[in-house]
Every structure is written in C-alpha cells, then in structure tokens.
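The lines below spell out each chain.
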Amino acid sequence: MAEDFAKAVEDGLKLAKRVYLGKDNRTVARRMAPPLMERSTNWYLPSAPMVYAVISDPRMVDNPDMPSYQPYVHGMYDPPALIPLQMMGVNLNVDCYVDTTAIIVVSGTWRIHCVMGSRSCDCLIAVPMGNQGSILGVEVDLPTKSYVTQLIGEQESKGIGKIARPEDGGFLKPHIFTLTIPQIDGGTNISIKLRWSQKLSYNSGRFSLTVPFCFPEYVTPAIKKISKKEKIELNVNSSVANGILCKATSHPLKEIRRHEGKFSFLYEAEIFKWSNTDFRFSYSVSSGNIFGGILLQSLYDYDQRDMFCICLFPGSEQNRKVFKKEVVFVFDISESMQGRPLESTKSAISAALSKLSPEDSFNIIAFSNEAFQFSTSMELASKDAIERATAWISTKYPVGGSTNLFIPLEKAADMLSNTRDSIPMIFLVTDGSVIDERNICHWLQKRLTNQGVLSPSIHTFGIGSFCNHYFLRMLAMIGRGEYGAAFDLDSIEVQMNKLFSKGLSTVLANITIDAFDDCEEIEVFSSRIPDLSLESPLTIYGRYQGSFPDNLKVKGILGDLSSFTMDLKIQRAKDMPLDSVLARRQIDLLTAQAWFSENKRLEEEVAKLSTQTCNISEYTRMTLLEKNKMLKALKHFGAWKKKGDPHKIVESEPPEMILLQRLSVGFGDLIATAENIRPGSQEPELPEVAKIFIKTTSNYFGGICNLCCCMGCIRCCSKMNNQCATTLTQLCTAVACIGCLHCCSESCCPNQDD
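So, how was this worked out
- Residues numbered from 1 in each chain as written.
- Predicted model: local features only at pLDDT ≥ 70, side-chain atom pairs only at ≥ 80, totals over all residues.
- Heavy atoms only, no water.
- Helix = DSSP H or I, 4+ residues; strand = E, 2+ residues; numbered from the N terminus.
- Buried < 20%, exposed > 50% of the residue type's maximum accessible area, 1.4 Å probe, protein only.
- Contact = heavy atoms within 4.5 Å.
- Areas by Shrake-Rupley, 256 points an atom, 1.4 Å probe, with all protein chains shown as cover.
- Phe/Tyr/Trp six-rings, centres within 6.5 Å; stacked < 30°, edge-to-face > 60°.
- Pairing = 2+ DSSP bridges.
- Axes fitted to C-alpha atoms, helices over the stretch in contact; angles between N-to-C directions.
- Parallel < 35°, antiparallel > 145°, perpendicular 65-115°, else oblique.
- Left-handed = near helix turned anticlockwise from the far one by under 90°.
- Nonpolar A, V, L, I, M, F, W, Y, C, P; charged D, E, K, R; others polar.
- Expected span 1.5 Å × (residues − 1).
- pLDDT = per-residue confidence, 0-100.
- Salt bridge = Lys/Arg side-chain N within 4 Å of Asp/Glu carboxyl O.
- Core = buried A, V, L, I, M, F, W, Y, C linked by side-chain atoms within 4.5 Å.

The name an unreviewed UniProt entry assigns to the chain is VWFA domain-containing protein, from the organism Gossypium stocksii.

> Could you clarify how one ought to interpret the overall build of the chain in this entry?
When helices and strands are counted, the chain shows 18 helices and 35 strands. Burial analysis of the chain (754 residues in total) assigns 52% to the buried set. Of the contacts formed within the chain by residues at least 6 apart in sequence, a portion of 78% connects residues at least 24 apart. Summed over all atoms, the accessible surface of the chain reaches about 35100 Å², with 52% contributed by carbon and sulfur.

> So what exactly am I meant to see when it comes to the packing of aromatic side chains here?
The relation between two aromatic rings is expressed through the spacing of the ring centres and the mutual angle of the planes. A complete count under the given rule lists 27 aromatic pairs for this structure. Ring centres of Phe5 and Tyr52 lie 5.4 Å apart, and the angle between their planes is 85°; on these two criteria the pair is classed as edge-to-face. One end of the pair, Phe5, is in helix α1 (residues 2–15); the other, Tyr52, is in strand β1 (residues 50–55), with 47 residues separating them in the sequence. No difference in accessibility class separates Phe5 from Tyr52, as the two residues are buried.

> In this structure, what is going on with the sheet that holds strand β11 (residues 201–203)? I would like to understand it.
Reading across the sheet, the four strands line up as β11-β12-β17-β14 and stay open at both edges, with antiparallel pairing between neighbours. Only two strands of the sheet have a single neighbouring strand rather than two, namely β11 and β14 (244–249). Each neighbouring strand pair of the sheet contributes to a mean axis angle of 25°, computed without reference to strand direction. Note that β14 and strand β17 (residues 279–285) share five bridges and pair antiparallel. The residue bridging Ile244 from the neighbouring strand is Val285, located in β17.

> When you look at the packing of helix α12 (residues 583–597) against helix α13 (residues 600–613) in this model, what are you seeing that I'm missing?
Between two packed helices, the angle of one axis relative to the other and the distance separating the axes together describe the packing. At a minimum axis separation of 9 Å, α12 and α13 run at an interaxial angle of 160°. Relative to α13, α12 is oriented roughly antiparallel. For the pair α12 and α13, the crossing hand works out as left-handed. From α12, Ala583, Gln586, Ile587, Leu590, Thr591, Gln593, Ala594 and Ser597 reach across to α13, where they touch Leu602, Glu603, Glu605, Val606, Leu609, Ser610 and Thr613. Partitioned by chemical class, the residues of the contact of α12 with α13 number seven nonpolar, six polar and two charged.

> Would you mind showing me how to read helix α10 (residues 492–504) here?
Along its 13 residues, α10 runs 18 Å from first to last C-alpha, staying within 8% of the 18 Å computed at 1.5 Å per residue. Looking at α10, one finds that the buried residues are Ile492, Met496, Leu499, Phe500, Ser501, Gly503 and Leu504.

> Would you take a moment to explain the side chain of Gln586 for this structure?
By the element assignment, Gln586 lies in helix α12. The residues contacting Gln586, other than those within four sequence positions of it, are Tyr302, Met307, Phe525, Tyr541 and Leu609.

> Can you walk me through the sheet that holds strand β5 (residues 120–128) in this structure?
Hydrogen bonds between backbone atoms are what pair the strands of a sheet, whose relative direction is either parallel or antiparallel. With antiparallel pairing, the five strands of this open sheet are ordered in space as β2-β1-β5-β9-β8. Of all strands in the sheet, those bounded by a partner on one side alone are β2 (81–84) and β8 (169–173). On average, adjacent strands in this sheet sit at an angle of 35° to one another, irrespective of strand direction. Strand direction decides the pairing type here: β1 and β5, joined by five bridges, are antiparallel. When the sheet's bridge partners are listed, Tyr52 is paired in β5 with Leu124. The sheet strands contacting α1 are β1, β2, β5 and β8, and the helix crosses β2 at an angle near 65°.

> What is the right way to read the packing of helix α5 (residues 340–354) against helix α6 (residues 383–394) from this model?
Relative orientation of the contacting elements α5 and α6 amounts to 175°, with a least axis distance of 10 Å. Here α6 runs roughly antiparallel to α5, going by the angle between their axes. Contacts from Lys346, Ile349, Ser350 and Leu353 in α5 reach Ile386, Ala389, Thr390, Ile393 and Ser394 in α6. Of the residues in the contact of α5 with α6, the class split is five nonpolar, three polar and one charged.

> Would you take a moment to explain the confidence of the model for the chain for this structure?
Fine structural detail should not be taken from predicted coordinates in areas where pLDDT scores are low. Averaged over the chain, the pLDDT score is 83; the fraction of residues at 70 or greater is 82%. Here residues 683–715 scores under 50 on pLDDT; set against residues more than four positions off or in separate chains, the count is 38 contacts. Here residues 738–754 scores under 50 on pLDDT; set against residues more than four positions off or in separate chains, the count is one contact.

> So what exactly am I meant to see when it comes to the environment of Ala389 here?
For Ala389, the location among the structural elements is in helix α6. Taking the relative accessible area as the measure of exposure, Ala389 reaches 0% and is therefore buried. Spatially, the C-alpha atoms of Ala389 and Ile364 are 7.9 Å apart, while their sequence positions differ by 25 residues. In this structure, Ala389 is in contact with Leu353, Phe362, Ile364 and Phe374, ignoring residues within four places of it in sequence.

> Explain the pattern of salt bridges to me, please; I cannot follow it from the model alone.
Pairing between side chains of opposite charge can happen when their charged atoms approach one another. Under the definition given, this model contains 31 salt bridges. The closest approach of N and O atoms between Glu626 and Lys145, which form a salt bridge, is 3.2 Å. Here Glu626, found in strand β33 (residues 620–631), pairs with Lys145, found in strand β7 (residues 145–153); they are 481 residues apart in sequence, far enough to count as distant. Across the pair Glu605 and Arg601 runs a salt bridge whose closest N-O atoms are separated by 3.3 Å. Of this pair, Glu605 and Arg601 both sit in helix α13, four residues apart, which is roughly one turn of the helix. A relative accessible area of 10% places Glu605 in the buried class. Residues participating in the shared-partner salt-bridge network are Asp301, Asp303, Arg305, Glu523 and Arg543.

> Can you walk me through α1 in this structure?
One turn of an α-helix holds 3.6 residues; hence residues three or four places apart share an orientation. Between its terminal C-alpha atoms α1 stretches 20 Å, which fits the 20 Å expected from 14 residues at 1.5 Å a residue. All of the buried residues along α1 are Ala2, Phe5, Ala6, Ala8, Val9, Asp11, Gly12, Leu13 and Leu15.

> Mind showing me how you'd approach the pairing of strand β16 (residues 262–270) here?
Across a regular strand the side chains alternate sides, sitting on one face of the sheet and then on the other. Pairing geometry for strand β13 (residues 229–237) and β16, over nine bridges, is antiparallel. Within β16, the residue paired with Val236 across the bridge is Phe263. Note that strand β15 (residues 254–259) and β16 share five bridges and pair antiparallel. Bridge pairing links Glu255 to Phe265 in β16.

> In this structure, what is going on with the nonpolar core? I would like to understand it.
A general tendency of soluble globular proteins is for nonpolar side chains to be buried together. Counting residues in hydrophobic clusters, the biggest one holds 149 residues, and the most contacted among them are Val94 and Phe279. Setting aside anything within four residues of it in sequence, one finds Phe279 in contact with Leu92, Val94, Leu209, Thr210, Val211, Phe213, Ile232, Leu234, Thr249, Ser250, His251 and Leu253. Grouped together as the second largest cluster of nonpolar side chains are 37 residues, Phe331, Met337, Phe362 and Trp392 included.

> Can you walk me through the environment of Arg18 in this structure?
Checked against the element boundaries, Arg18 lands in the loop between α1 and α2 (25–32). Arg18 sits in the buried class, given a relative accessible area of 18%. Sequence separation between Arg18 and Pro58 is 40 residues; the distance between their C-alpha atoms is 9.4 Å. Ignoring sequence-local partners within four residues, the contact set of Arg18 consists of Pro58, Val61, Ser68, Gln70, Pro71 and Val73.

Okay, here's the thing in structure tokens:
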C-alpha cells in the first residue's frame, strides 16, 4: 500500500505542473520533483499532516482562480493520482502528561488550489504519528458541510447502511492514518483539526518527544503575498517530578509559564516556508535516585469509581547496579519468518548477547514445529560463549511449516527452574498465532504461581498482524514482563532492541505496594507488577472506591539484592485528564484480559472506555459523521431573532453516518500462520471463479458444506487454474439446477400418480 501511495503522489506532482500559478509557476514546478538520489518510496510518504486532492480525471486539474489553456488529456488515472494541497496555516499543540504520554493536536487550513472551480474531488487526509501513536479523532470544516470521526459499539455499527471503501480510511503504514473526505469543490479552503496520542521516549533520565512536523516544500503557497503563520504551543504537566530542566528543542520556543511540576512554551511566527524539521523536545529530571508518586483523579463516568496512577522512575544515576541475569531467548524460525523478519531478529539477539555481563548466563531456543537449543544447559556469557552463540544463530535450521509454541516455552521455563541470586527471564519472539494460546496462558499462570518469587519474567515481542498480540500481551502480564511489537518490517530491529534493553537493565524487582493487599476497594488493572528498568518508567494504575489510603509504601529488591522501601507522596491530578492519558494502555490491557477470560462484561467495559476517550479498540468501530449546513434567516426562529448574523450557518438535518473499515489489529490469524504468509503481506483474495462457486453452491450444498471443511474447499478452489474452476462451477450449477427442478416437481406434484 505504501508503494502504491508513493506512486500516486509522484503522479500527482507531475500532474500539478499543469496548474498555472502566475509568474512563480516555474519555481513551483521546479520544486515539485525531488533530487534524483532522494526519489524513494519513503520520500513521498507524509512526514507531517498532509491533505491530497484525489484525481482520477486529469481534465479537472487547473487553477480555480485563473483558468488557463490546458492541452487535452487522454485517459484516466487508475488508481487516482494524489496532488498535495497547499497549506495556508498550521498550529501545533502538545500536552505532555505524567512523563509518559503526549496528546497532540494539529489545526490547519489547506486549499484545493489544483481543481477547477466548477469541479469537485475527494480529499485524502494523512496523519503520520510518532512513537506508538494512536489516532484520537479528525474534524473537518467546510463552507457547506462538516465532518467528524466518532467511535461506536459493534452492535450499533450493524445498523449503518453506508460503508466506506477500504481506501477511504485506514492505516497506510502502522503509524500513518488516512481518511478520505468526499467531493469538495475546487478552490475551497478546508479547516482540519487532528488529534492523536503518542509515547514519550526515556533514556538516561531524559524524556524526549518527536512529533512529525516536516512539511515538503511544495505545500507552501506559491504566492508570496499570502500570510503564512506557524504556531507551536508546548505544555508539560509532570506533577510527580520536580527540578525539570529543558535540554533541547528543534524550534525556537519561549518559556511563558512555570509552576511546580508544570511549564509551558510558545513559538509563533510569520514564516516564508513551513517547518522542514520534526518538532523535537527533551527535558530531564534532576533526581538521580529512584523516585515516584501517586496521582488521584475523581471521575464521573460509566465506572463510578475514581482513578489512581502510581509512577516510578529509575532516576538518572547510570552506575546503579543492575541485576545479575539468567536469560533464555526463544525465537520463531517458521517459514513465514524467513527473510527480513528472521534476519532482524538474529541481529537484535546478537546485540543483546553483547550487552550481557560475564556473570550473566544465557541460552537460545529456535522453534518452528520442533525446538532447537544452542546448548543443553545455561552458559556463562563469556566472550567465547557469545561468539559461539552468534555463529549458531547465523546457521540455517530445518525450516518447519508450522508453529509449536508450548514446547520451547516449557524448555525455557525448565532451564530457569533452579535460578538463585539472579533474575530469570525469557524473551519470546514470534510472528504467528497458535491454536492453544489460552491453554499456554493457563499453564504459565499455574507454573509461575507454584514457582513463587523466583519465577521467570516473560518478555514477548510480536511481528506483523498475523500473530495474536493480545495473547503475547497477556503472556507478558502473567510473566511480570514487557510486551513489544513491530507491525512494519522497517521497525523490527529497532523495537526489538528497545525491548531487550529494557528487560536486561532491571534495577528494582519483586515490587509490591503494601496497602493493595489489605484493601478490597482498590483494583489494580495489572495482576502482577512488572519490574522497574533503567530504560523506562513504570506506571501502575487502577480504580478505587471510597477514600484512598493516606500512606503508601513501595517495596522491592535492588540489583545488589538489598531491600528497597520508599514512601509515595499522594496528590491530586490537577489540570490533567488522567483517564484520557492512560486510556490507550488501559484498553490494551483490558482487551487482553477479556480475550483470555472470554468475559463479555470486560468487552463492554472496553467498548465504553473506547467511545468515551476516542481510542480505537477491538469492540468499537470508527464512523465518519457528515453534517450538512444551510443558510437560514434567524428571523424565522423567534428566540434567536434579536442577536446574531441573520445569515448564520446552522445545522439543517441529522448527520449522515459512514462506517469506516475496521482499524484494530484483531486477535491473530491462524489461517495465515498455517499457510506461512509473511509479515507485511496481505492474504491473497480469492479468484472470481472461486467466489462464483461459493455463491452458486451456497444454497443447495449448504448442509453438506457444514459437515465438511468449507474453508478447505474454498482454499482448494482458489488454487485451481481458471479452466478447471470454470468447469467445476458449471458442473455444480447444473447439479444445483437439477436439485431445484426436483424440489419444484415435488411441490407442484406431491402425488406421483398425478
């Protein structure tokens, strides 16, 4: 899809040269094409919020204000070309909360400068998001219409008749959301407001944020007289941390406010061309030791309970003792992993091995339908052992067609059953689904409970969209570990390195909160509290009823095996929407629990939280609401007669609702896994003859198909050549007709003697 999009943009840039923009036309045409060395797929992908005119008929392309002679063009664009629209103004608002999550709002105005005033075209909005970005909403305002996205429940979505095409809304890449707004007139100014959330990065006591804000030169209006204003506002509400210091910023921000744990910056200027660099900002906290606090927020929502959030930070002290470790790497080598996924996995494991200390021990298990071990027992991480392990990883294994996850996990757990004075941990990497996932969770839950405090932590990593990411998340939750994922082949190694670094740098383990065990009015959303790593803060959250305990202590074990105790300061979350900040991770966590327990109540809770906070979930669907406007004289509305513009635009009728395609990741794909379809691929669509076969035989052979493997029959049809499938279709049609004639004869002549 990304390659098709890039080709469409390239076609659009060529097509845009037809638009005469006055004396600056040559300058604009020259900057349309990138340098030869930069002409790659990624160059044409959006690096900032963008809007494109969707052009199928090139004859409509012209300046809406200054029509010019256009030579006749033969043919149509299929797929349509995408012409980037010129941007007239942009505001960026960034709110950082609890040092973990940022809410991003971009408001801008774009103009359809490339379509005749008498014609109209669809417009495609593209929203690239930063680290673990999640789309929250899109609002579009036009002179005669407005559009807004809204999440609704699965049951409610079944009553919607108008369904958008796949290309009208979805994810171009895992971090790029797109949405098509239908039929907008040439020359129209489009006001758009985009909202999404993303995670802050953390490293060595420093928090950093990168927001895609690099606009290509060709979205700058060619007419120099047009005022171009760019505004960036940044607000940081840390609450639990003091001594915040700004370290770096990509744009010339000016501090305008500072209070305890809070500060604000502003940048506003009239510019010649739009920002050509992403917005980057980083800040540090002065504390070198482990610190934290508790935030409380009163809520009035479906749950009727208040929310708490405990934040623990590792501090900036780099010489802090990390735990001695016993590590087993378990990775998938099935046929679907071959190529880039497997090479990226091997490279990340090799890098992780090089970070182990000589007193650490390790082992490696590769698996498909059987398991292959590097060593029969755990090995000390000596230079020689790491070199042998790196060479072993690079060898080719017998590639199996299926995935058996239970055997390697059991082997890894057995290897770590006698761990003493170190932290046992398992890293699991896979790209597929298995049929016994809930049984594996139950087995692991029972085993870790029996093993007690020294049970291994389980860190999981999913590649692509065919594995069950909620199963992997649940495994990590049960195993007191971290979950990571890469839906894009380009990000596998980077994201996997982050997960490995986080797990291997544990500084505080076996964390407990003393009051939680004695208070039944407090519900912690994670059943087991993960360990604290040097590479990431730890957030523990949940709901409570009544009064929250006045004193809370966090306890744990440090890397030198000494005990750790710290009092937590309690404060109210002022000017902070704690429920919205934590919504994304809460939805993912509750969805994993709902999948595991098959609990309908939890599914309903996720759906309510999703619609309330505008975060996509497995149990809700996104819709596009279209509101029409019309001019009405307010003199006909008695109460409004005395004030306001008599030609004020008001809503004239209930909004029309368009159901977008499903945007969630799903619960894995057993068929794609069984057929070893590789990550990044789409399951091939059935040929037309196979569809005809299914439709033709669905009535007469419905009972028979229910008794046999219908999916196997369909797969068989999809692999036939056209001649064979056509013949089979004709045969089945004839048999079906005979069956119909037989039924008709019985109904018309029930008495055979007649």
